[in-house]
Amino acid sequence: MITIRKFTLDDVASTYAYSSDFENTYYMLMVPQKSIEETRDFLAKCIAEYEKENPEYLSFAVDLDGLHIGEVFAYLSEKEADIGWLIDKRYWGNGYATEAAKLLVDYLQTKLNRTDIVAYCDERNIASQKVMKNIGMEFVGSNGIRTYEKVVESWEEVKYKLK
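Along each chain, numbering runs from 1 in the same order as the chain's sequence is written. Reporting of local features is limited, given that this is a predicted model, to residues whose pLDDT is at least 70; pairs of side-chain atoms are given and counted only at 80 or more, and all residues count toward the totals for whole chains, interfaces and linings. Values shown for side chains rest on all heavy atoms present in the structure; no hydrogens or waters enter the calculation.

A. Here's a closer look at the overall build of the protein chain. Each helix is a run of DSSP H or I of at least 4 residues and each strand a run of E of at least 2, with the numbering of both proceeding from the N terminus. In terms of regular secondary structure, the protein chain is built from 4 helices and 7 strands. Mapped from its N terminus to its C terminus, the protein chain presents α and β elements in the order β-α-α-β-β-β-α-β-α-β-β. This radius of gyration counts C-alpha atoms alone. The globule rule is 2.2 Å times how many residues there are, raised to the power 0.38. The globule rule puts the C-alpha radius of gyration for 163 residues at 15 Å, and the 15 Å found for the protein chain is close to it. Its C-alpha atoms give the protein chain principal-axis dimensions of about 40 × 40 × 30 Å. When each of the 163 residues of the protein chain is scored for burial, the buried share is 46%. By definition, residues are in contact when any of their heavy atoms lie within 4.5 Å. Intrachain contacts of the protein chain at a sequence separation of at least 6 include 58% that bridge at least 24 residues. Note on areas: these come from Shrake-Rupley sampling with a 1.4 Å probe, and a residue is covered only by the protein chains present in the view. Of the roughly 8,900 Å² that the protein chain leaves accessible, carbon and sulfur atoms contribute 51%. We treat Lys and Arg as the positive residues and Asp and Glu as the negative residues; His and chain ends play no part in the count. We put the charge of a Lys on NZ, of an Arg on CZ, of an Asp on CG and of a Glu on CD. One way to put it: in the protein chain the 20 positive side-chain charges average out to a point 3 Å from where the 28 negative ones average out. Each residue gets one of three labels from its accessible area relative to the maximum for its type: buried under 20%, exposed over 50%, partly exposed in between, using a 1.4 Å probe on protein chains only.

Shown next, in the form of structure tokens:
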């Protein structure tokens, strides 16, 4: 069973395992993480955000029957919540990102009263587009160009919005 929970510093090794893998993070803008220390700093920032009255970023661990396999996250502005996910590649293709994203959407709607929920991804990232559709999002259109500093590439970014 997929569940989401707040990160703790005990998640450093498991987070680093998937967030430092280049293939696993290929379509992500902010990763791969380069060191355990960078991962620890990331988790410390996540934990600090949980305590804020108006967090700007929330990230939750995704667990499969108690095993940490990834994360879901939301960038929060006054206007909208921009959601995303990162699942360890060893668990791709099982619907876990969809399940976790649904849990995140439920959290944003019930706990934070967020109704304007969007997601963005590289046009080539068909798996993420499938997750977006499976959680009830609809294609909005192009959002311009997404540039990856880690590989010096630029591709079209697409936008989806929860119906």
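After that view of the structure, there is still more to cover.
B. Representation of the nonpolar core. Buried Ala, Val, Leu, Ile, Met, Phe, Trp, Tyr and Cys residues that are joined via side-chain atoms within 4.5 Å together make up what is termed a nonpolar core. Counting residues in hydrophobic clusters, the biggest one holds 42 residues, and the most contacted among them are I83, W85, L108, I117 and M137. Sorting elements by how many residues they give to this core places helix α3 (residues 96-111) first, with 7 residues.

C. Summary view of the packing of aromatic side chains. The criterion for an aromatic pair is that two Phe, Tyr or Trp rings (for Trp, the six-membered ring) have centres within 6.5 Å, with stacked assigned to planes under 30 degrees apart, edge-to-face to planes over 60 apart and tilted to the rest. Under the definition given, this model contains 8 aromatic pairs. Residues F7 and F42 carry aromatic rings whose centres are separated by 6.4 Å and whose planes lie at 70 degrees to one another, so their mutual orientation is edge-to-face. Of this pair, F7 sits in the loop between β1 (2-6) and α1 (12-19) while F42 sits in helix α2 (residues 36-50), and the two are 35 residues apart along the sequence. The rings of F7, F42, Y57, F73 and Y75 are connected pair by pair, giving a single aromatic cluster.

D. Representation of unusual backbone geometry within the structure. Notably, D65 is not glycine yet its phi reads approximately 50 degrees, a positive angle. Note that D65 resides in the loop between β2 (57-64) and β3 (67-76). Look at D65 and you get exposed, because its relative accessible area is 61%. Even without glycine at this site, N113 takes up a positive phi of about 55 degrees. By the secondary structure assignment, N113 is in the loop between α3 and β5 (117-122). In this structure N113 comes out as exposed when scored by relative accessible area, which is 61%.

E. Region of the structure containing the side chain of S59. As for its position among the elements, S59 is in strand β2. Within the local environment of S59, its side chain forms a polar contact with the side chain of E71, the two groups lying 3.3 Å apart. If we ignore the near neighbours within four places in the chain, the residues touching S59 are F7, F42, C46, Y50, E71, V72 and F73. Residues adjacent in sequence count toward polar contacts only when both atoms are side-chain atoms; beyond that, a polar contact is any pair of N or O atoms within 3.5 Å, and within protein one must be able to donate a hydrogen and the other to accept it.

F. A look at the pairing of strand β4 (residues 81-87). Within β4, 6 of the 7 residues are buried, which leaves it mostly tucked inside the rest of the structure. Two strands qualify as a pair provided that DSSP identifies no fewer than 2 bridges between them. Pairing of β3 with β4, which is carried by 7 bridges, proceeds in the antiparallel orientation. Following the sheet pairing, E71 is matched in β4 by L86. In this view, the connection linking β4 to its parallel neighbour β5 by way of α3 has right-handed handedness. Looking down the strands as they point away from the viewer, one classifies a crossover as right-handed if the path from the first strand across the helix to the second runs clockwise.

The values reported here are purely geometric and, on their own, carry no functional implication.
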